[in-house]
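A look at the structure
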Amino acid sequence: MVEALTLQDEAFMRRALALAAQGRGRVEPNPMVGCVIVRGGRIVGEGYHRRFGGPHAEVHALSEAGPAARGATCYVTLEPCCHHGKTPPCTDALIAAGVKRVVVAMRDPFPLVRGKGFRQLRACGIDVAEGLLEADAVRLNAPYLKLQRCGRPWVTLKWAQSLDGKIATRTGDSEWISGERSRAYAHRLRGRVDAIVIGVGTVVKDDPLLTCRQGRPRRVAARVVIDPHLRVPMTARLVRTARRYPTIIAVDRKLLAGRKAAGLRKAGLELVGLGRDRSVGLDLGALLDELGRRRMTNVMVEGGGRTLGAFHDAGLADEAVVFVAPRFIGGRQAPSPLNAEGPATLGEVAPPVWVGRSRCGQDDVYHIGLTDPSNW
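Only a predicted model underlies this, so the values are computations on that prediction, with no experimental measurement involved.

1. Structural notes on the pairing of strand E12 (residues 319-325)
Counting buried positions along E12 yields 7 of 7 residues, so the element is predominantly enclosed. Of the two faces of E12, the one lined by Glu319, Val321, Phe323 and Ala325 and the one lined by Ala320, Val322 and Val324 are each fully buried. Across 6 bridges, the pairing between E12 and strand E14 (residues 363-369) is antiparallel. Within E14, the position partnered with Val321 by the bridge is His367.

2. Quick look at the layout of surface pockets
The gaps left among the atoms become clear once a water-sized probe is rolled over them. Estimates place the volume of the largest pocket at around 1200 Å³. The wall of the largest pocket is formed by 48 residues, among which Thr202, Asp206, Glu302, Gly303 and Gly304 lie closest to the centre. When its residues are assigned to classes, the lining of the largest pocket shows 18 nonpolar, 16 polar and 14 charged.

3. Things to note about the sheet that holds strand E6 (residues 154-162)
Taking strand neighbours across the sheet as the criterion, the 9 strands line up as E10-E9-E8-E7-E11-E6-E12-E14-E13 in an open arrangement whose pairing is mixed. Of all strands in the sheet, those bounded by a partner on one side alone are strand E10 (270-274) and strand E13 (354-360). The sheet shows a mean angle of 20 degrees between the axes of neighbouring strands, taken without regard to direction.

4. Comments concerning the environment of Ile177
Within the element layout of this structure, Ile177 appears in the loop between E6 and helix H7 (180-190). With a relative accessible area of 6%, Ile177 lands in the buried category. Sequence separation of Ile177 and Gly275 is 98 residues, and the distance between their C-alpha atoms is 35 Å. The residues touching Ile177, leaving out its near neighbours within four places in the chain, are Ala160, Gln161, Ser162, Lys166, Ile167, Ala168, Ala325, Arg327, Ile329 and Gln362.

5. Focus on the state of the cysteines
One pass over the full model with this rule turns up 0 disulfides. There is no disulfide at Cys81, and the cysteine sulfur nearest it, in Cys90, is 3.7 Å away. Residue Cys82 stays outside any disulfide, its sulfur separated by 7.1 Å from that of Cys81, the closest cysteine.

6. Let's talk about the packing of aromatic side chains
By the definition in use, this model includes 3 aromatic pairs. With 6.5 Å between their ring centres and 5 degrees between their planes, Trp154 and Trp354 make a pair best called stacked. In this pair, Trp154 is assigned in strand E6 and Trp354 in strand E13, connecting sequence segments 200 residues apart. Of the two residues examined, Trp154 and Trp354, each falls in the buried class. Sitting above the plane of the Tyr48 ring, Arg50 keeps its charged end 5.7 Å from the centroid.

7. Observations concerning the pattern of salt bridges
Per the stated rule, a full pass over the model turns up 19 salt bridges. We note a salt bridge from Asp136 to Arg14, for which the minimum N-O separation is 3.8 Å. One end of the pair, Asp136, is in helix H5 (residues 134-140); the other, Arg14, is in helix H1 (residues 7-21), and 122 residues separate them in sequence. Judged by relative accessible area, Asp136 falls into the partly exposed class, the value being 37%.

8. Here we look at the packing of helix H3 (residues 90-97) against helix H4 (residues 116-123)
With their axes 10 Å apart at the nearest point, H3 and H4 run at an angle of 20 degrees to one another. Taken together, the axis directions place H3 and H4 in an arrangement best described as roughly parallel. Where H3 crosses over H4, the handedness of that crossing is right-handed. For the pair H3 and H4, the contacting residues are Thr91, Asp92, Leu94 and Ile95 in the first and Gly117, Gln120 and Leu121 in the second. Of the residues in the contact of H3 with H4, the class split is 3 nonpolar, 3 polar and 1 charged.

9. Overview of H4
Those residues of H4 that sit buried are Gly117, Phe118 and Leu121. On an axial view of H4, the arc spanned by its buried residues comes to 100 degrees, and they lie on one face. Those residues of H4 that are exposed and aimed more than 90 degrees away from the buried face are Arg119 and Ala123.

Calculation criteria
Here the residue numbers are simple positions, counted from 1 along each chain's written sequence. Since the coordinates come from a predicted model, pLDDT governs what is reported: local features require at least 70, and pairs of side-chain atoms require 80 or more to be given and counted, while whole-chain, interface and lining totals use all residues. With hydrogens and water stripped out, all remaining heavy atoms of the structure feed into the side-chain values. For every residue, the accessible area obtained with a 1.4 Å probe (protein chains only) is divided by the maximum for its type, and the residue is called buried under 20%, exposed over 50%, and partly exposed between those limits. Helix numbers and strand numbers start at the N terminus; a helix is a DSSP run of H or I with at least 4 residues, a strand a run of E with at least 2. Between any two strands, pairing holds if DSSP finds at least two bridges. In this analysis a 1.4 Å probe is tested at points of a 1 Å grid over the protein atoms alone, and where it fits but cannot get out there is a cavity; an open set with protein on both sides within 12 Å along at least five of seven lines is a pocket; lining residues have an atom within 4 Å of a point. Grid points are joined across faces, edges and corners, and a volume is the space filled by probe spheres set on the points. Ten residues, namely Ala, Val, Leu, Ile, Met, Phe, Trp, Tyr, Cys and Pro, are considered nonpolar, four, namely Asp, Glu, Lys and Arg, are considered charged, and the remaining ones, Gly among them, are considered polar. With axes taken as lines fitted to C-alpha atoms, and helix axes fitted only over the stretch in contact, angles between N-to-C directions fall between 0 and 180 degrees. Contacts between residues were defined by any pair of non-hydrogen atoms, one from each residue, lying within 4.5 Å. The disulfide criterion used throughout: a pair of cysteine sulfur atoms within 2.5 Å. In summary, the pairing rule links any two rings of Phe, Tyr or Trp, Trp by its six-membered ring, whose centres are within 6.5 Å, and it sorts them by plane angle into stacked for under 30 degrees, edge-to-face for over 60 and tilted for everything else. Working rule: Lys NZ or Arg CZ, within 6 Å of ring centre, within 35 degrees of ring normal, means a charge sits over the ring. Whenever Lys or Arg places a side-chain nitrogen within 4 Å of a carboxyl oxygen from Asp or Glu, that contact is recorded as a salt bridge. What sets the label is the angle itself: under 35 degrees gives roughly parallel, over 145 gives roughly antiparallel, 65 to 115 gives roughly perpendicular, and the rest give oblique. Handedness of a crossing is defined here by the sense of rotation of the near helix relative to the far one, left-handed for an anticlockwise turn of less than a right angle and right-handed for a clockwise turn. Arc definition: directions from the helix axis to the C-beta atoms.

What follows is the structure in structure tokens.
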């Protein structure tokens, strides 16, 4: 049906996609959805899913449109829901409002919807077209799609590096490679994710807090430490603040009954026991499975290099956000961001699915897609 749609249809759908993106960080584990209602070539109502458990995009748009929705076209980025969840079905609302046509970017894979919304609308005589700007909608909601289809969160690797690919000097000094504006942006990214993952080496070396300290966070991320041998110091800031911010230690399951584990639990941390793996000592896939069971949608891995490299080598990373500062560090012993085994030949290096580049003060910021959500 996409080929029968017009450039005007595409423009209205792009507006709906832009609206949907405004819900990022507030609606997960639900999808981001935008809706635009058009009558006589003019927008009469629009809205987006603003918060988890709140009214859906269609409800906001229909409320704004009022009686003008009768006979109008509704552009929505995801198939309207047709079941009773935290809110009533959007299909019922569209039918009651008397819309004539519904144009949808993509089908919802959620089992209670998955094509049923389309069938209900068509059964009531509403013209339904699906697939307009589907690739854009899939990319926007890739974390939701991955959680639905794979049971795991979307994994973003994040680091700052020099032009020659170093994340610290040979002595381990890394404060600060990137500029102030880049660091502020990185904090805003923290404020949109469900978890921030680091290795215990970073805890020992840097004693980070791993909180969002720029602007108002949309979510409070759990701090997750990969610590096979339970080396995290009891004096670490992560431990001392565990009652204020959720903190998880991923550890070899054999150590769950020890005295150190008991002390950490008493301090307010949660311990998750995992099996062993060669990369960083623990089964990272099992860790993602556990985070997925908790309905975490977005996870950001901040390092260090061994942890970043292990996720990348294992094919567990979906995206990378890389801050590149205009400076050279040099040094044979200076660490690189993906400090793991790596491929043997360039033929084993997969091309990026997408690459976005922008300026952030003095730095360049790259958003690089590593997996194609349309393949799920």
